[in-house]
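Here's the letter readout for the chains.
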Amino acid sequence: MAKSRSIPNDITSYVSNTNRDIYTVSNVSEEVIAVIFAYVSRSPRSFRDNIMTVIREEHLGRKRASEFHEKWVLNYGHASVAEHATVHVGIERVSRLFSSLLELSNEHLSFTEYSQRYQKPKKGSFFVPVELSEYPALRNEYIELNNLQYDIYEKLNDKLFSYLRETSPTPKGVEERVHLRALEKLAFEDARYALSLSTLTNLGMTANARAIEDCLTKLLSSSYPEARERAGEIKEEVRFSIPTLVKYASESPYITETRNALKELSDAVAQSLAPLGGGACNLLDWTGKGSSDPEMVAIEKMAQAILFEHSQLGYEAIAKDINESSSEEKLEIFKKSIEKLGRFDNPINPFKLIRYEAEFVISEANWHQLLRHRKADWIFQEPSVYNGWTIPPNVENSGSEDLLMRATEASHKLYEKLANENLGRVASYVVTNAHNRRVIGSFDLWEVYHLINLRLSEGAQWDIKSVIEVLADKISRYHPNLLAPALGRVKA
């Protein structure tokens with residue numbers, strides 16, 4: 001252990017220890033922390049020495065921090081400095097539509113969101129777009145629709161709970177109270193399919209300043225007024241902790257102007273094409289597509305990377321050796337890589353070289369779960385009523401399908417009214433959780449293992465579980481040996 005230099009006594013207020021090589025830093029602003037950590041690239045001094053230098057020179061170092069960031073982050077583009085400053089933000093009473101835009105704005109944001117699977121929303125808890133203030137009649141219809149859908153939600157909830165009580169007796173060894181609570185959760189989990197994307201939600205967000213700046217730029221460039229307004233509010237609040245780092249987050253002309261141009265182009269193309277149907281999941285691309293043995297292409301790619309990582313040989317030499325190996329020898333390298341893989345382990349990095357691309361046609365309820373997998377890259381269409389809807393099996397089995405159809409059909413009618421008034425963004429808010437959305441996901445084998453492990457587990461929600469089952473089945477047609485260990489883990 002390196003011998004510690006003499007540290008002033010007052011440093012103890014800011015670090016967890018003064019005599020060891022590893023320590024935590026606290027009680028200083030996030031922006032100052034970013035400065036202290038950034039100094040390491042330009043100073044041989046200890047972080048502890050830098051803390052005292054910054055704090056002594058300026059009141060909590062804020063002026064010095066600001067000057068540092070103006071010079072290195074803003075003027076020279078060293079944005080990585082901003083990754084050391086982290087803030088925690090409470091975000092309340094925003095629409096479900098906005099929450100999805102926020103969660104998709106940057107893959108390095110971390111969230112915990114109010115869950116409609118575990119909590120019942122209250123009547124009247126929905127967002128009303130400001131654009132409707134100029135359309136009083138449509139505004140009234142919008143409010144009436146949300147109230148109607150909540151009434152349907154409550155009726156669905158009651159019918160589902162009664163059905164589940166009749167068909168799901170209390171298991172032996174389980175308290176009736178606990179069992180009924182579980183059934184209650186299942187009831188309102190499926191009843192929520194009648195609610196719209198205007199329903200309010202709460203989120204807790206944690207992120208570094210670099211991710212927040214990128215997030216704010218995208219939201220301030222959004223076509224949704226709610227997103228722009230909320231982004232402005234988030235910017236104002238985080239400036240208390242990281243004023244310089246988000247100072248120049250603003251609307252991006254590139255995003256807005258490109259979106260408008262591409263929308264015009266897309267509209268022109270769409271007029272000549274008829275909409276196509278589609279299943280819950282359609283595999284579009286995969287490693288080895290077009291070859292006679294796509295799985296062996298993938299296994300060879302992984303085997304080469306595995307041997308490269310654990311040897312001192314060049315990649316081309318390893319590739320030559322792999323090409324001369326038998327299929328059994330190549331497969332054995334892959335099997336060795338997952339031989340000790342436990343239920344809570346992540347696969348090794350070569351799994352990230354095997355890629356997949358799939359189109360999903362899934363309910364909004366499902367999409368709001370799937371989008372949280374931020375290791376996947378998502379391309380998504382706007383919410384609409386034109387891709388059909390998803391009916392939960394318990395809704396159908398309990399004879400409650402007509403109730404859910406009332407909610408979706410009422411949404412469809414108002415959606416078209418709003419679209420005809422050029423209020424397409426307002427129309428998005430009336431789309432229900434049952435309506436389907438089209439999205440494309442690009443992800444690797446590493447993420448497929450995670451999806452299978454999490455979403456095919458016993459407690460997974462039925463909707464996302466069913467689509468991951470389809471995805472796994474389709475991938476298994478081309479890469480059976482690669483998927484078998486992941487599927488075996490969830491069945492064990």
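Treat the numbers as computed from the prediction; the structure is a model and nothing was measured.

Student: Lay out the packing of helix H18 (residues 462-476) against helix H19 (residues 480-491) in plain terms, naming residues and giving numbers.
Tutor: Describing two packed helices takes the angle between their axes plus the distance from one axis to the other. Interhelical geometry of H18 versus H19 gives an angle of 145 degrees and a closest axis separation of 8 Å. For the pair formed by H18 and H19, the contact residues are Ala472, Ile475 and Ser476 on the first element and Pro480, Leu483 and Leu487 on the second. Split by residue class, the contact of H18 with H19 holds 5 nonpolar, 1 polar and no charged.

Student: With reference to specific residues and values, describe the nonpolar core.
Tutor: Ile91, Leu102 and Leu418 are the most contacted members of the largest nonpolar core, which totals 48 residues. Listed by contribution, the elements that provide at least two residues to this core are strand E1 (86-95), helix H4 (96-103), helix H5 (136-167), strand E3 (200-208), helix H7 (209-220), helix H8 (225-238), helix H15 (401-420) and helix H16 (424-428). Of all the elements, H7 adds the most residues to this core, at 7 residues. Leaving out residues up to four positions away in the same chain, Leu102 has contacts with Ile91, Leu109, Phe111, Leu203, Met205, Cys215, Leu219 and Ile234. If you look at the next biggest cluster of nonpolar residues, it comprises 42 residues, including Met302, Trp367, Leu445 and Leu471.

Student: Quick rundown of the pattern of salt bridges? Include the residues and the values.
Tutor: Two side chains that carry opposite charge are able to pair once their charged atoms sit near each other. Applying the stated rule across the entire model yields 16 salt bridges. Between Glu233 and Arg230 there is a salt bridge, with its nearest N and O atoms 2.9 Å apart. Note that Glu233 and Arg230 are positioned in helix H8 at a spacing of 3 residues, about one turn of the helix. Judged by relative accessible area, Glu233 falls into the partly exposed class, the value being 34%.

Student: Quick rundown of the side chain of Ser196? Include the residues and the values.
Tutor: You can see Ser196 is positioned in the loop between helix H6 (176-191) and E3. What makes Ser196 buried here is its relative accessible area of 1%. Only 3.1 Å separates the side chain of Ser196 from the side chain of Asn146, close enough to count as a polar contact. With residues up to four places along the chain from it excluded, the contact list for Ser196 reads Asn146, Gln149, Tyr429, Val430, Val431 and Thr432.

Student: So what about the pairing of strand E2 (residues 110-113)? Which residues, and what values?
Tutor: Judged by which residues are buried, E2 turns out to be one-sided: Phe111 and Glu113 face inward and are buried, whereas Ser110 and Thr112, on the alternate face, are not. Relative to E3, E2 is paired through 4 bridges, and the arrangement is antiparallel. Paired with Thr112 across the strands is Gly204, a residue of E3.

Student: How would you explain the sheet that holds E3 if you had to name every residue and give the values?
Tutor: Spatially, E1-E3-E2 is the arrangement adopted by the 3 strands of the open sheet, whose pairing is antiparallel. Of all the strands in the sheet, just E1 and E2 have a single pairing partner and so form its edges. In this sheet, adjacent strand axes meet at a mean angle of 20 degrees when their direction is disregarded. Relative to E3, E1 runs antiparallel, the two sharing 8 bridges. Within the sheet, the bridge partner assigned to Val89 lies in E3 and is Met205. Contacting E1 and E3, H7 runs over the sheet at an angle of about 130 degrees to E3. Each of E1 and E3 is contacted by H8, which is oriented at about 150 degrees to E1, the strand it contacts most.

Student: Would you mind going over helix H17 (residues 445-455) in detail, with residue names and values included?
Tutor: Since the α-helix advances by 3.6 residues per turn, residues separated by three or four positions end up pointing in the same direction. Burial within H17 is extensive, with 9 of its 11 residues counted as buried. Listing the buried residues of H17 in full gives Leu445, Trp446, Glu447, Val448, Tyr449, Leu451, Ile452, Asn453 and Arg455. Its side-chain oxygen at 3.2 Å from the backbone nitrogen of Trp446, Asp444 defines the N-terminal cap of H17.

Student: Break down the packing of aromatic side chains for me, citing the residues and quoting the values.
Tutor: Inspection of the entire model under this criterion finds 14 aromatic pairs. Between the aromatic rings of Phe351 and Tyr449, the centroid separation amounts to 5.2 Å while the plane-to-plane angle is 85 degrees, which identifies the pairing as edge-to-face. Pair noted here: Phe351 is in the loop between helix H12 (327-338) and strand E5 (355-363) and Tyr449 is in helix H17, with a separation of 98 residues, a long-range link. Judged by relative accessible area, which is 0%, Tyr449 ranks as buried.

Student: Let's hear about the sheet that holds strand E6 (residues 377-380): which residues, and what values?
Tutor: Taken together, the 4 strands give an open sheet; going across it, the order is E4-E5-E7-E6, and neighbouring strands pair in antiparallel fashion. Every other strand in the sheet has two partners, leaving strand E4 (281-286) and E6 as the edge strands with one partner each. Looking at each pair of strands side by side, their axes are set apart by 20 degrees on average, direction ignored. The pairing of E6 with strand E7 (residues 436-444) spans 4 bridges and is antiparallel. In the strand pairing of E7, Trp378 is matched with Gly441.

Rules used in this analysis
- All residue numbers refer to positions counted from 1 along the written sequence of the respective chain.
- In view of the model being predicted, local features appear only for residues whose pLDDT reaches at least 70, and side-chain atom pairs are presented and counted only at 80 or more, with totals across whole chains, interfaces and linings using the full set of residues.
- Based on all heavy atoms of the structure, the side-chain values leave hydrogens and waters out of the count.
- To obtain an axis, a line is fitted to C-alpha atoms, over the contacting stretch when the element is a helix, and the angle between two such axes runs from 0 to 180 degrees between their N-to-C directions.
- Here a strand is any run of E in DSSP of at least two residues, a helix any run of H or I of at least four, and the numbering for each starts at the N terminus.
- Two residues form a contact once any of their heavy atoms are found within 4.5 Å.
- Asp, Glu, Lys and Arg are counted as charged, while Ala, Val, Leu, Ile, Met, Phe, Trp, Tyr, Cys and Pro are counted as nonpolar; the rest, among them Gly, fall into the polar class.
- The definition of a nonpolar core used throughout is a set of buried Ala, Val, Leu, Ile, Met, Phe, Trp, Tyr and Cys residues joined through side-chain atoms within 4.5 Å.
- Only protein chains enter the calculation, and the probe is 1.4 Å; a residue is then buried if its accessible area is under 20% of its type maximum, exposed if over 50%, and partly exposed in between.
- A pairing counts as a salt bridge when a side-chain nitrogen of Lys or Arg comes within 4 Å of a carboxyl oxygen of Asp or Glu.
- Identification of polar contacts relies on pairs of N or O atoms within 3.5 Å, with a donor-acceptor requirement for protein atoms, meaning one able to donate a hydrogen and the other able to accept it, and with residues adjacent in sequence counted only if both atoms are side-chain atoms.
- Two strands pair if DSSP finds at least two bridges between them.
- Two rings from Phe, Tyr or Trp (for Trp, the six-membered ring) form a pair when their centres sit within 6.5 Å of each other. Planes less than 30 degrees apart are called stacked, planes more than 60 degrees apart edge-to-face, and all others tilted.

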